[in-house]
Amino acid sequence: MPRKFDYASTRPGYDPPRSCPTLADRRIACMEAPRENAAAAPRPDAAAVSIAIASGLAAALVAIFLCVLPLTGSIAASRDYVVYWATGQQLAHSANPYDAAAMDRLERSAGLDAGYGTLYMRNPPWALPLALPLGFLPLRLGATLWSLALLGCLAGSVLLLRPLLAGCGNQLLWLGLSFAPALVCVFMGQTALFALLGLAIFLRVHRQRLFSAGGALWLCALKPHLFLPFAAVLLVWIVVERRYKILAGAVLSLAAGSAAAALLAPSPWRAYLAMMRAPSVQQEFVPCLADALRLWLRPDAAWLQYLPAVLACLWALGYYWPRRTCWDWLRDGGLLLPVSLLAAPYCWLYDQGLAIPALLAAARGTRSRLLVAALALASLPIEASLVAGVRVISPIYLWTAPAWLAWYLLARAFPGSAPDGAAGAA
């Protein structure tokens with residue numbers, strides 16, 4: 001039978017019907033599709049894998065900690081949190097938070113081990129209002145809420161820094177969230193993460209909201225000894241740039257904190273200074289450069305602990321002055337943070353979370369993915385030591401503060417094509 005002629009095929013723009021693919025064609029297409037998708041998918045590099053490992057381990061440790069904490073009082077009593085809880089109990093009754101007998105009784109009743117002496121809140125008295133809410137909470141509930149507040153400070157600080165890091169990806173955010181010293185601060189119940197939040201707020205708003213930026217420095221002043229070179233440059237920068245509203249905000253917030261402390265406790269400054277001069281405080285070993293220097297040269301010379309900080313302040317001013325016309329607090333001032341931690345009169349492992357802004361900025365700016373991987377993996381031996389029961393007073397942690405400074409300098413020595421500084425406050 002003769003084939004019928006299709007007149008439609010003569011029309012302009014006609015697209016002849018395609019034949020249906022055979023079974024063999026479909027099998028070949030299915031075999032080739034995964035190959036094309038695999039070739040198109042980016043392969044994770046060493047930095048991404050390292051950050052994923054560190055983040056996964058950090059998340060697991062935090063989850064276990066938060067699950068166990070409400071179930072046993074021994075964890076709450078074995079951490080520095082017990083000091084803030086006992087201080088809050090004293091403040092709630094308008095009593096002296098530096099009373100040795102009262103503090104010892106409260107801490108022992110909470111379950112503090114007999115191997116520890118009486119512990120005190122060593123933050124300056126303007127920090128006392130921070131501990132007041134704990135005076136109205138039972139030990140375990142207070143410990144849980146305090147730990148959640150610290151985690152919130154860590155997460156909030158990293159999120160506040162994100163717009164300043166020139167469009168960094170989520171990897172760097174996880175790098176900050178999994179930084180081991182910050183996690184140790186949560187586990188110990190210390191206050192360095194409150195100071196980190198104040199630092200992050202200052203870096204974020206110091207261009208537009210000057211008074212608010214100064215007010216945020218009250219949080220940094222919870223641990224003022226960790227910011228000495230940073231503070232020296234800040235004061236000179238305020239004068240050079242005429243940002244006096246920042247100074248006004250800082251002075252007002254510190255005055256308000258001191259006034260509140262005077263209402264909560266009798267003669268808080270006098271009692272605080274007497275506590276800080278006690279031999280048990282002066283002779284305590286802290287695993288940091290300044291204390292190691294004092295013990296090595298003259299154990300009885302307390303002034304030696306402040307010598308590195310004085311030298312660091314002089315260096316910081318010399319570092320700032322040639323850069324004063326184009327000074328950026330994250331790009332240029334980032335170096336001041338690890339230097340401040342290294343030279344501090346005393347600095348614990350959990351205080352070193354304050355290096356997060358500088359480390360994230362350097363990680364954003366370096367082209368070396370191996371350096372980023374090394375920073376992520378540096379958290380693992382610290383976490384392993386804690387799990388193994390190594391206490392934070394061990395000299396084994398003397399390497400940490402120098403390591404963050406050395407890593408920062410290496411990262412700045414290998415800059416990428418994108419700038420590593422701040423993109424400006426949002």
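This write-up is about the structure you can find in this document. (Residues numbered from 1 in each chain as written. Predicted model: local features only at pLDDT ≥ 70, side-chain atom pairs only at ≥ 80, totals over all residues. Heavy atoms only, no water.)

Things to note about the overall build of the chain
From N to C terminus, the chain includes 22 helices and zero strands. Taking all 426 residues of the chain together, 49% fall into the buried category. Of all intrachain contacts in the chain linking residues separated by at least 6 positions in sequence, the fraction that spans at least 24 positions is 76%. When the accessible area of the chain is evaluated, it comes to approximately 20300 Å², of which 67% is carbon and sulfur surface. (Helix = DSSP H or I, 4+ residues; strand = E, 2+ residues; numbered from the N terminus. Buried < 20%, exposed > 50% of the residue type's maximum accessible area, 1.4 Å probe, protein only. Contact = heavy atoms within 4.5 Å. Areas by Shrake-Rupley, 256 points an atom, 1.4 Å probe, with all protein chains shown as cover.)

A closer look at helix α8 (residues 170-177)
Every buried residue of α8 is accounted for by L172, L173, L175 and G176. Seen end-on, α8 carries its buried residues on one side only, within an arc spanning 155 degrees. (Arc of directions from axis to C-beta.)

Let's talk about helix α16 (residues 289-297)
Within α16, burial applies to A290, D291 and R294. Around the axis of α16, the buried residues are gathered within 95 degrees of arc, so they sit on the same side.

Re a nonpolar patch on the surface
A contiguous nonpolar surface patch, about 630 Å² in accessible area, is contributed by W303, Y306, L307, V310, L311 and L314. Within the fold, W303 resides in the loop between α16 and α17 (307-320). A relative accessible area of 53% places W303 in the exposed class. (Patch = residues over 30% accessible without salt bridge, like charges linked within 9 Å, V, L, I, M, F, W, Y side chains within 5 Å. Salt bridge = Lys/Arg side-chain N within 4 Å of Asp/Glu carboxyl O.)

Some details on the nonpolar core
Ranked by size, the top nonpolar core spans 134 residues in total, and within it L175, L193, F202 and W329 carry the most contacts. Looking at this core element by element, the count peaks at 11 residues for helix α10 (residues 192-205). Here L175 is in contact with I51, L360, A363, V372, L375 and A376, once residues within four sequence places are set aside. (Core = buried A, V, L, I, M, F, W, Y, C linked by side-chain atoms within 4.5 Å.)

Considerations on the side chain of S147
Here S147 is to be found in helix α7 (residues 139-161). For S147, a relative accessible area of 0% corresponds to the buried category. For S147, the residues in contact, after removing those within four places along its chain, are F65, L66, L69, R79 and V186.

Some details on the environment of L150
The residue L150 is located in helix α7 in this model. Given the relative accessible area of 0%, L150 is considered buried. C-alpha of L150 to C-alpha of Q190: the two residues are 40 residues apart in sequence and 8.3 Å apart in space. Not counting residues up to four positions away in its chain, the partners in contact with L150 are C185, V186, G189, Q190, L193 and F194.

Brief notes about the pattern of salt bridges
Applying the stated criterion to the full structure yields eight salt bridges. With its nearest N and O atoms 3.1 Å apart, the salt bridge here joins R108 to D104. Of this pair, R108 and D104 both sit in helix α5 (residues 100-110), four residues apart, which is roughly one turn of that helix. Using a relative accessible area of 27% as the deciding quantity, one classes R108 as partly exposed. D104 sits in the partly exposed class, given a relative accessible area of 25%. Residues E284 and R122 are paired through a salt bridge, measuring 2.7 Å at the closest nitrogen-oxygen approach. Taken as a pair, E284 in the loop between α15 (279-282) and α16 and R122 in the loop between α5 and α6 (128-131) lie far apart in primary sequence, 162 residues in all. By relative accessible area, E284 is classed as partly exposed at 26%.

Here's the deal with the state of the cysteines
Counted under the stated rule, the structure contains zero disulfides. Free of any disulfide, C347 has its nearest neighbouring cysteine sulfur in C288, separated by 6.5 Å. Taking the relative accessible area as the measure of exposure, C347 reaches 1% and is therefore buried. (Disulfide = S-S within 2.5 Å.)

Re the packing of helix α4 (residues 81-92) against α7
Viewed as axis vectors pointing N to C, α4 and α7 meet at an angle of 115 degrees, and their least axial separation amounts to 11 Å. For α4 against α7, the interelement crossing comes out right-handed. Counting all contacts with α4, which are made through Y81, Y84 and W85, the residues of α7 involved are L139, G142, A143 and W146. (Axes fitted to C-alpha atoms, helices over the stretch in contact; angles between N-to-C directions. Left-handed = near helix turned anticlockwise from the far one by under 90°.)

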